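Coordinate analysis (summary)
Residues per chain are reported as follows:
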Amino acid sequence: MRKAFISPTKYVQGEDEIKNLGYFVKTFGDSALLIAHPDDVKRVKAKLEETQEKFGVTFVECNFQGECSRQEVA
């Protein structure tokens, strides 16, 4: 039986690391698609705004309702 694990090339975890998110976005460009549930975005909104200002990036929000499905993708 074949098993595969696909993951991002970089995984960062730590207290308040979301404040450094803009640094990683900058390695690819000036904006990033933020796929998150609206409640989660609200919870970290101040930190997202802080990293946007600090690193000069923009997040384009795409509301995710919690179920990974073709309907959600559409």
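Scroll up to find the structure this text is about.
Below you will find a few notes about this structure.

A look at the environment of Pro8
Within the secondary structure, Pro8 sits in the segment before α1 (21–26). What makes Pro8 exposed here is its relative accessible area of 59%. Each C-alpha atom, one on Pro8 and one on Thr51, is 21 Å from the other, the two residues being 43 residues apart in sequence.

What about helix α2 (residues 38–55)?
Of all the bends found along α2, the most pronounced is centred on Val44 and spans about 65°. Looking only at α2, the buried set comprises Val41, Val44, Leu48, Thr51 and Phe55. Phi turns positive, to about 65°, at Gly56, one or two residues after α2.

Rules used throughout
Residues numbered from 1 in each chain as written. Predicted model: local features only at pLDDT ≥ 70, side-chain atom pairs only at ≥ 80, totals over all residues. Heavy atoms only, no water. Helix = DSSP H or I, 4+ residues; strand = E, 2+ residues; numbered from the N terminus. Buried < 20%, exposed > 50% of the residue type's maximum accessible area, 1.4 Å probe, protein only. Bend = angle between axes of the 7 residues up to and from the residue.

Nothing here speaks to function; it is all geometry.
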